[in-house]
Amino acid sequence: MQTPSLKSFLMPILYFIIFFVIITYAARLGTVYGILAFLIILAVIYIVKRASILSLIATFKFKNDRQKAFELFEKAYKTGKMKPQTALYYSYLLLRDGKLDESSKKFDEILSKNKKSLTETDINNARLNKSLVKWKSGDLKGALADAQALYDEGYKTTALYGVLGYWYVLDGQYEKALEINKEAFDYNADDLIIADNLAQNYFLLGEIEKSHDMYVDILNKDPQFIEPYYNFALVLEKIGDIDEAVDELETALTMKEKFLSTVTHDMISKKLEELKNQKKE
């Protein structure tokens, strides 16, 4: 994380003093002049800081009015004055919302235009997000290669481990996945996505007891995403505990399905119907 410079700390204070002096002097000439000076300063601040102001409003609106938030982010982006880190965040939100082409285009633009102002961490995070775009666009091999390249360069974060471990599982490379997922768990055993990857990996390699024990621990921590409930249901089905598997699937259906989710409500519903039919037989 970059340490703020003394200049970046002092400049806002200097601007405040200048604006205060201007408004005070104008007010001495008359109330109307004081109000006029205040309004002019507000207009100048908005023009100069328009991108930051729009981005801030968009961030606050995102939870309750996503469409309006995206419109504000786009206006801020089009000013050409949006901070590159904010622009990368906007690009990630586009990705998370399923706007893949737009997200990919912006990642490329930001990386090409802001090489000097972006940190190595910023660039690597953007590269990881671009690999997510590839994956969701259907190019698992390309996404996996890009994520592995980041890993080989020494870039190791919880987010990278989370996608890399899962993608090796998804690609059917269970032994390679296990190597990564064990390392990931050593890196951050508290991350439930990493834990879910490892537990699922054990299940796919036939180590049912290890998988079961891990999922009991994971679910005791009340994860707020779909995957562990669905994956644990598969483990329970394997050991013949159909009733509990059905309970876990029903819980999974209460979880919000997101664009980056690896399990869908449709998958859950189909498995739920299958297990309920088994109970009737």
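Note that the structure is predicted; figures quoted are calculated from it, not measured.

## Quick look at the overall build of the protein chain
Phase 1 of the analysis: Within the protein chain, the regular secondary structure consists of 15 helices and zero strands.
Phase 2 of the analysis: In the protein chain, which comprises 281 residues, the proportion classed as buried is 40%.
Phase 3 of the analysis: Sequence-distant contacts in the protein chain: of pairs separated by 6 or more residues, those separated by 24 or more amount to 49%.
Phase 4 of the analysis: Total accessible area on the protein chain stands at roughly 16500 Å², and carbon and sulfur atoms take up 57% of it.

## Some details on helix H6 (residues 100–113)
Phase 1 of the analysis: Over its 14 residues, H6 runs 20 Å from end to end, which matches the ideal 20 Å to within 8%, given 1.5 Å per residue.
Phase 2 of the analysis: Taken together, the buried positions of H6 are occupied by Leu 100, Ser 103, Lys 106, Phe 107, Ile 110 and Leu 111. With its buried residues spanning 135° around the axis, H6 presents them on a single face. Exposed and facing more than 90 degrees away from the buried side of H6 are Asp 101, Lys 105 and Lys 113.
Phase 3 of the analysis: Looking at the buried side of H6, the elements it contacts are helix H4 (66–78), helix H5 (84–96) and helix H7 (120–136).

## Structural notes on the side chain of Ser 55
Phase 1 of the analysis: Residue position: Ser 55 is located in helix H3 (residues 50–61).
Phase 2 of the analysis: Contacts of Ser 55, omitting those with residues within four sequence positions, involve Phe 73, Ala 76, Met 82 and Thr 86.

## Overview of the packing of helix H8 (residues 140–152) against helix H9 (residues 158–170)
Phase 1 of the analysis: Where H8 meets H9, the axes come as close as 10 Å, and the angle between the chain directions of the two elements is 140°. Classified by the interaxial angle, the pair formed by H8 and H9 is oblique. Helix-helix and strand crossings are classified by hand; for H8 and H9 the assignment is left-handed. Packed against H8, whose contacting residues are Leu 140, Ala 143, Leu 144, Ala 147, Gln 148, Leu 150 and Tyr 151, the element H9 presents Leu 160, Tyr 161, Leu 164, Trp 167, Tyr 168 and Leu 170 at the interface.
Phase 2 of the analysis: Here the residues of the contact of H8 with H9 sort into twelve nonpolar, one polar and no charged.

## A few points about the packing of aromatic side chains
Phase 1 of the analysis: Applying the stated criterion across every chain yields a total of ten aromatic pairs.
Phase 2 of the analysis: Among the aromatic residues, ring-to-ring pairing joins Phe 62, Phe 70, Phe 73, Tyr 77, Tyr 89 and Tyr 90 into one connected group.
Phase 3 of the analysis: Its guanidinium or amino end placed over the ring of Tyr 77, Lys 106 lies 4.7 Å from that ring's centre, counting from NZ or CZ.
Phase 4 of the analysis: Positioned over the ring face of Phe 259 is Lys 136, at 4.8 Å from the centre of the ring.

## Some thoughts on H9
Phase 1 of the analysis: Helix length check: H9 (13 residues) gives 18 Å between terminal C-alpha atoms against 18 Å at 1.5 Å per residue, within 8%.
Phase 2 of the analysis: Among the 13 residues that make up H9, ten are buried, leaving the element largely enclosed by the rest of the structure.
Phase 3 of the analysis: Every buried residue of H9 is listed here: Leu 160, Tyr 161, Gly 162, Val 163, Leu 164, Gly 165, Tyr 166, Trp 167, Tyr 168 and Val 169.
Phase 4 of the analysis: Tucked into the core, H9 has its buried residues touching H7, H8, helix H10 (174–187) and helix H11 (192–204).
Phase 5 of the analysis: Phi turns positive, to about 80°, at Gly 172, one or two residues after H9.

## Section: the nonpolar core
Nonpolar side chains tend to gather and get buried jointly when the protein is soluble and globular.
Phase 1 of the analysis: Core analysis: the biggest nonpolar cluster contains 31 residues, and Tyr 215, Ile 218, Leu 249 and Ile 268 have the highest contact counts within it.
Phase 2 of the analysis: Secondary-structure elements contributing two or more residues to this core are H11, helix H12 (208–219), helix H13 (227–238), helix H14 (242–254) and helix H15 (265–280).
Phase 3 of the analysis: With near-sequence residues (within four places) excluded, Leu 249 lies in contact with Tyr 230, Ala 233, Ile 268, Lys 271, Leu 272 and Leu 275.
Phase 4 of the analysis: Listed in part, the 25 residues of the second largest apolar core include Leu 128, Ala 143, Tyr 168 and Val 169.

## So, the packing of H13 against H14
Phase 1 of the analysis: Where H13 meets H14, the closest approach of the two axes is 8 Å, and the angle between their N-to-C directions is 170°. Judged on the interaxial angle alone, H14 and H13 are roughly antiparallel. On H14, the residues that touch Tyr 229, Tyr 230, Phe 232, Ala 233, Leu 236 and Glu 237 of H13 are Ile 242, Glu 244, Ala 245, Glu 248, Leu 249, Thr 251 and Ala 252.
Phase 2 of the analysis: Its residues placed into classes, the contact of H13 with H14 shows nine nonpolar, one polar and three charged.

## Digging into unusual backbone geometry
A negative phi holds for most residues other than glycine; trans holds for most peptide bonds.
Phase 1 of the analysis: Non-glycine residue Asp 222 carries a positive phi angle of around 55°.
Phase 2 of the analysis: Counting through the fold element by element, Asp 222 comes out in the loop between H12 and H13.
Phase 3 of the analysis: The exposure class of Asp 222 is partly exposed, given its relative accessible area of 48%.

## Section: the pattern of salt bridges
Phase 1 of the analysis: Under the criterion given, the structure shown has 17 salt bridges.
Phase 2 of the analysis: The partner of Arg 127 in a salt bridge is Glu 153, and the shortest N-O contact between them spans 2.9 Å. Of this pair, Arg 127 sits in helix H7 while Glu 153 sits in the loop between H8 and H9; the two residues are 26 residues apart in sequence, bridging distant segments of the chain.
Phase 3 of the analysis: What makes Arg 127 partly exposed here is its relative accessible area of 27%.
Phase 4 of the analysis: Notably, a salt bridge pairs Asp 217 with Lys 221, separated by 3.4 Å at the nearest N-O pair.
Phase 5 of the analysis: Given a relative accessible area of 40%, Asp 217 falls into the partly exposed group.
Phase 6 of the analysis: A cluster of three or more residues bridged by salt bridges with shared partners is formed by Arg 66, Asp 97 and Lys 99.

Calculation rules
Residues numbered from 1 in each chain as written. Predicted model: local features only at pLDDT ≥ 70, side-chain atom pairs only at ≥ 80, totals over all residues. Heavy atoms only, no water. Helix = DSSP H or I, 4+ residues; strand = E, 2+ residues; numbered from the N terminus. Buried < 20%, exposed > 50% of the residue type's maximum accessible area, 1.4 Å probe, protein only. Contact = heavy atoms within 4.5 Å. Areas by Shrake-Rupley, 256 points an atom, 1.4 Å probe, with all protein chains shown as cover. Expected span 1.5 Å × (residues − 1). Arc of directions from axis to C-beta. Axes fitted to C-alpha atoms, helices over the stretch in contact; angles between N-to-C directions. Parallel < 35°, antiparallel > 145°, perpendicular 65-115°, else oblique. Left-handed = near helix turned anticlockwise from the far one by under 90°. Nonpolar A, V, L, I, M, F, W, Y, C, P; charged D, E, K, R; others polar. Phe/Tyr/Trp six-rings, centres within 6.5 Å; stacked < 30°, edge-to-face > 60°. Lys NZ or Arg CZ within 6 Å of the ring centre and 35° of its normal. Core = buried A, V, L, I, M, F, W, Y, C linked by side-chain atoms within 4.5 Å. Salt bridge = Lys/Arg side-chain N within 4 Å of Asp/Glu carboxyl O.

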